[in-house]
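Residue-level listing of the chains:
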Amino acid sequence: MTSVFYHLDTNTWSHDDVESGVSSIGHNRLSIYPIPLQDEKPNVITFHVKKNFTHLGPIVGILTNEDRLPFSGNIKTFKRICKRILKNGGIPVILTPSAFSGNSIKCHTFCFKTKKWIELFSPLPDVIYNRIPSVQYESNDIYKHFREMIARLTIPFFNESYLSKIQTTTILSSNPYLKQYIPETIRLKNEADLQDYLKKWKILYIKKHNSSRGFGVFKLTFINQHSVLIRNAFHVELTKSIHDCWKFLHSLNEDFICQQGIKSELPDGRKFDLRILAHKQEERYILSGIGVRVGTLNGITTHVPRGGSIISLEELPNTLNYSLLQDIVQHTGEALNANDANYFEFSMDIGIQNNHYYIFEINSKPMVFDELEIKEQGLENLVQLFYELSNFKP
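The sections below set out a description of the structure shown in this document. Values in this document were obtained by computation on a predicted structure and should not be read as measured data. (Residues numbered from 1 in each chain as written. Predicted model: local features only at pLDDT ≥ 70, side-chain atom pairs only at ≥ 80, totals over all residues. Heavy atoms only, no water.)

## Brief notes about the layout of surface pockets
Unoccupied space between atoms shows up once a probe the size of one water molecule is rolled over them. Quantified by volume, the second largest pocket comes out at close to 600 Å³. Here the lining of the second largest pocket takes five residues from strand β5 (residues 44-52), the largest share from any one element. When its residues are assigned to classes, the lining of the second largest pocket shows 12 nonpolar, four polar and four charged. (1 Å grid on protein atoms, 1.4 Å probe; cavity = no way out; pocket = protein on both sides within 12 Å on 5 of 7 lines; lining within 4 Å. Points joined across faces, edges and corners; volume = space filled by probe spheres on them. Helix = DSSP H or I, 4+ residues; strand = E, 2+ residues; numbered from the N terminus. Nonpolar A, V, L, I, M, F, W, Y, C, P; charged D, E, K, R; others polar.)

What follows is the structure, encoded as structure tokens:
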């Protein structure tokens, strides 16, 4: 494998492939020259890279923001990605939207020898993976300007942005195949609507526009003509009149969706859902893994930080329809990317009621799975995606 060197004292790059002569790195094809190094130098970082003729790389940019110094995000995950890229071949860098300056970026890479983040100046990445951890940051002017610049430069970029509940519901409900797999979703126009649907379905789920990890989700349970039980992810319960419940919904100060409650439950009454991890692979969207999350008794969410737990697939009461789940993933990937979007990695929360599958959530920036097998396969598929998008053979 060819080696590329970064010289810390001069902020310059070189490589060791003397036979190839002048080569290039980065999306902007920075020319670098062969300087064979016989011994490891303390002021030089070595990267083993892949070759696409005389182009070396890829430089994989992991995008985050700078709320904390030197950058925000899941540092443990960044290190895992860096380690796999270094092993398979490539140059992993962590960058922020404000780091660009002409044809170079001020970024960081992790040195596993010194166990430190090292600042360096890199050519433009061959591919950028969006892991900005904040919905709000993606709506500010710095990010919008950065995104426009990346589009002009035609640098491969994914995942586009966070997906709101309203966005995902609109995408799913407008797809002829997928709309059969979402809970019935309605817009509550007035108090009479609330009362009618509570009487009809007995259970409603209210999900705020940008809710995640159980935050901003409420379960409404019909008690009688005059009262409704409101429960949140923190097990706080309030019994209110339907009139006061309607007033409560209008106090949320954020758009929300309202869905029929689906009883995706184990025999003991605990709520469960499947956690699906999916990645783009050429023209297909593939299952990278399936996990199971279980809520507490009477809990409204299965998220582990909210009291949920993990069980194996073998502990489910029924055998899963893997063929159907793969079809759902394929159609979801196609639907998400129908308008030249770049949602090439996503996760889904799927429930099962009476052997019918229901899509509860789609997450464009999946959390890292706890199951080791899914974590490893997801990482492998992600790194293969970096190579695919940057035109380097795995």
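## Remarks on unusual backbone geometry
Residue Pro58 is reached from Gly57 by a cis peptide bond, and omega for that bond is 0°. Note that Pro58 resides in the loop between β6 (55-57) and β7 (59-63). Not every positive phi belongs to a glycine, and Asp340 is a case in point at roughly 60°. Along the polypeptide, Asp340 turns up in the loop between α6 (322-336) and β23 (345-353).

## Regarding the sheet that holds strand β3 (residues 23-25)
Taken together, six strands build a closed barrel; the order of strands is β1-β2-β4-β3-β6-β5 and the barrel is mixed. The average angle at which neighbouring strand axes cross in this sheet is 45°, direction not considered. (Pairing = 2+ DSSP bridges. Axes fitted to C-alpha atoms, helices over the stretch in contact; angles between N-to-C directions.)

## Quick word on helix α4 (residues 191-201)
Within α4, the full set of buried residues consists of Asp193, Leu194, Leu198 and Trp201. Buried positions in α4, seen along its axis, are confined to an arc of 125° and lie on one side of it. Where α4 begins, the capping side chain belongs to Asn190, and its oxygen is found 3.2 Å from the backbone nitrogen of Ala192. Looking one or two residues beyond α4, the residue adopting positive phi is Lys202, at roughly 70°. (Buried < 20%, exposed > 50% of the residue type's maximum accessible area, 1.4 Å probe, protein only. Arc of directions from axis to C-beta. Polar contact = N/O pair within 3.5 Å; in protein donor to acceptor, adjacent residues only side chain to side chain.)

## Examining the packing of aromatic side chains
One pass over the full model with this rule turns up 17 aromatic pairs. Taking the centre distance of 5.0 Å and the plane angle of 65° together, the rings of Phe110 and Trp117 count as edge-to-face. Given a relative accessible area of 8%, Phe110 falls into the buried group. The interplanar angle of 65° and the centroid separation of 5.6 Å between the aromatic rings of Tyr129 and Phe386 together place this pair among those described as edge-to-face. Remark: Phe386 occurs in helix α7 (residues 372-390) and Tyr129 occurs in strand β12 (residues 127-130); sequence separation between them is 257 residues. The class for Tyr129 is buried, based on a relative accessible area of 3%. The exposure class of Phe386 is buried, given its relative accessible area of 1%. (Phe/Tyr/Trp six-rings, centres within 6.5 Å; stacked < 30°, edge-to-face > 60°.)

## Section: the sheet that holds strand β21 (residues 284-294)
Hydrogen bonds along the backbone pair up the strands of a sheet, which may run parallel or antiparallel. Pairing in this open sheet of five strands is antiparallel, and the strands run β22-β21-β20-β23-β24 from one edge to the other. Two strands lie at the open edges of the sheet, namely β22 (309-311) and β24 (356-363), each paired on one side alone. Each strand axis lies, on average, 35° off the axis of its neighbour in the sheet, ignoring direction. Direction of pairing for β21 relative to β22: antiparallel, over a ladder of three bridges. Counted as the bridge partner of Val292 is Ile311 from β22. Sheet contacts for α7: β20 (272-281), β21 and β23; angle to β20, the most-contacted strand, approximately 25°. (Contact = heavy atoms within 4.5 Å.)

## Some words on the environment of Tyr358
One can find Tyr358 in strand β24. By relative accessible area, Tyr358 is classed as buried at 15%. Distance in space between the C-alpha atoms of Tyr358 and Leu178 is 9.5 Å, their sequence separation being 180 residues. Not counting chain neighbours up to four residues away, the residues in contact with Tyr358 comprise Tyr181, Ile182, Pro183, Ile262, Asp349, Ile350, Gly351 and Gln353.

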